[in-house]
Amino acid sequence: MSTDESAPTLRDRLREAKAPHPDVPALDPDVAPADPRELVREWLIEAVEAGVPQPQAMTLATVDASGAPASRVVLLKDVDDDFWFASSSLSPKGRQIEVEPRVALSFFWSERGRQIRVTGRAVPGSREASRADFTSRHPQSRAVAVALPQSSVIADPEEARRALDDARSRIDADQDSAPDDWTAYRVEPASIEFWQATSGRDQVRLRYDREGDSWTRASLWP
Ligand SMILES: Cc1cc2nc3c(=O)[nH]c(=O)nc-3n(C[C@H](O)[C@H](O)[C@H](O)COP(=O)(O)O)c2cc1C
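Since the structure is predicted, the reported quantities are computational estimates derived from the model, not experimental observations.

## Remarks on the overall build of the protein chain
In step 1: For the protein chain, the helix and strand inventory stands at six helices and nine strands.
In step 2: Each principal axis of the C-alpha atoms in the protein chain carries an extent, and together these give about 65 × 55 × 40 Å.
In step 3: When the 222 residues of the protein chain are sorted by exposure, 36% land in the buried category.
In step 4: Summed over its atoms, the accessible surface of the protein chain is roughly 13,600 Å², and 50% of this surface lies on carbon and sulfur atoms.
In step 5: Where the 29 positive side-chain charges of the protein chain centre and where its 38 negative ones centre are 2 Å apart.

## Quick look at the site of the ligand
In step 1: Taken together, Gln54, Arg72, Val73, Val74, Leu75, Ala86, Ser87, Ser91, Pro92, Lys93, Gln150 and Ser151 make up the full set of residues near the ligand.
In step 2: Between Ser91 and the ligand, the recorded distance is 3.5 Å, taken from a side-chain N or O atom to an oxygen atom.
In step 3: Between the ligand and the protein, one listed contact pairs an oxygen atom with a side-chain N or O atom of Lys93 at 2.6 Å.
In step 4: Notes on the ligand: free accessible area 620 Å², of which the protein chains cover 67%.
In step 5: Elements that contribute at least two residues to the shell around the ligand include exactly β2 (69-75), β4 (83-88) and α3 (92-99).
In step 6: Examining the composition of the shell around the ligand, we find that four residues originate from one element, β2, more than from any other.
In step 7: A per-class count over the shell around the ligand returns five nonpolar, five polar and two charged.

## Let's talk about the pattern of salt bridges
In step 1: Under the definition given, this model contains 11 salt bridges.
In step 2: Where Asp172 meets Arg168, a salt bridge forms, and the shortest distance between an N and an O atom there is 3.1 Å. Separated by four residues within a single helix, Asp172 and Arg168 lie in helix α6 (residues 157-173), roughly one turn from each other.
In step 3: The exposure class of Asp172 is partly exposed, given its relative accessible area of 39%.

## Description of the packing of helix α5 (residues 139-147) against α6
In step 1: Running from amino to carboxyl end, α5 crosses α6 at an angle of 125°, the nearest separation of the two axes being 8 Å. In terms of their interaxial angle, α5 and α6 are classed as oblique. Crossing handedness for the pair α5 and α6: right-handed. Across the interface between the two elements, Pro139, Gln140, Arg142, Ala143, Val144, Val146 and Ala147 from α5 touch Ala163, Leu164, Ala167, Arg168, Arg170, Ile171 and Asp172 from α6.

## Quick notes on α6
In step 1: Across its 17 residues, α6 extends 24 Å between first and last C-alpha, which sits within 8% of the 24 Å expected from 1.5 Å per residue.
In step 2: Within α6, the full set of buried residues consists of Ala160, Ala163, Leu164, Ala167 and Ile171. Down the axis, α6 shows its buried residues gathered within 100° of arc, on one side only. Residues of α6 that are exposed and angled more than 90 degrees away from the buried face: Glu158 and Ala173.
In step 3: Those residues of α6 that are buried lie in contact with α4 (127-136) and α5.
In step 4: For α6, the N-terminal capping position is held by Asp156, with its side-chain oxygen 3.0 Å away from the main-chain nitrogen of Glu158.

Cut-offs applied
- Residues numbered from 1 in each chain as written.
- Predicted model: local features only at pLDDT ≥ 70, side-chain atom pairs only at ≥ 80, totals over all residues.
- Heavy atoms only, no water.
- Helix = DSSP H or I, 4+ residues; strand = E, 2+ residues; numbered from the N terminus.
- Buried < 20%, exposed > 50% of the residue type's maximum accessible area, 1.4 Å probe, protein only.
- Areas by Shrake-Rupley, 256 points an atom, 1.4 Å probe, with all protein chains shown as cover.
- Lys, Arg positive; Asp, Glu negative; His and termini not counted.
- Charge placed at Lys NZ, Arg CZ, Asp CG, Glu CD.
- Near = heavy atom within 4 Å.
- Polar contact = N/O pair within 3.5 Å; in protein donor to acceptor, adjacent residues only side chain to side chain.
- Nonpolar A, V, L, I, M, F, W, Y, C, P; charged D, E, K, R; others polar.
- Salt bridge = Lys/Arg side-chain N within 4 Å of Asp/Glu carboxyl O.
- Axes fitted to C-alpha atoms, helices over the stretch in contact; angles between N-to-C directions.
- Parallel < 35°, antiparallel > 145°, perpendicular 65-115°, else oblique.
- Left-handed = near helix turned anticlockwise from the far one by under 90°.
- Contact = heavy atoms within 4.5 Å.
- Expected span 1.5 Å × (residues − 1).
- Arc of directions from axis to C-beta.

These results come straight from atomic positions and should not be treated as a statement about function.
Okay, structure coming up:
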């Protein structure tokens, strides 16, 4: 097989990739709120209004009992005092959280030149919160969630299809049912860092650390 020596390499392509939008908003640490969750909500609403696709998609990092890390994208459902997402407690992430509840979350909104990083403890929410999350999902998403264990290997695609069809029939017959493993988790934040690109090549970083009921603030060198 011949290769074109003059063709740009992946390394070249990555260097050429589009940079974030030059007209990004500013972050002024001097006027930032005392509670970082207020700023998180502000940034999320601004991202929604700016039309950022899936701004609620966040990376959730966990570790297993041996300390091996894993990360995946989940959807943020809400931010009150805590950051909410939902998944199966029997999934790899659910089992990891059970043995080590310390997790990290991150958001990246390229169009806004913004990143938010969160560390904290993931705690299962109430059964009512979990049920409410499950029943608000699209019936097909509910069927997928109950047909087979999340992240299990598909040994037989035909059997998996049948399991999905059966699950969908059960969901359609009982709209209020919710499996015990479906869990609305809340992440209690211990630290929240805001990262804002500027129209120059520098960035503004502001980290909040929780101290009991209040938060300390520090600007970080980029
Ligand atoms: C945009 C996006 C949103 C997702 N949202 C969720 C979610 O809210 N909950 C969930 O369990 N998995 C969600 N997933 C799938 C996860 O990334 C992952 O594949 C799955 O949860 C299995 O992870 P685990 O094997 O580490 O437990 C999402 C994936 C993407 C790309």
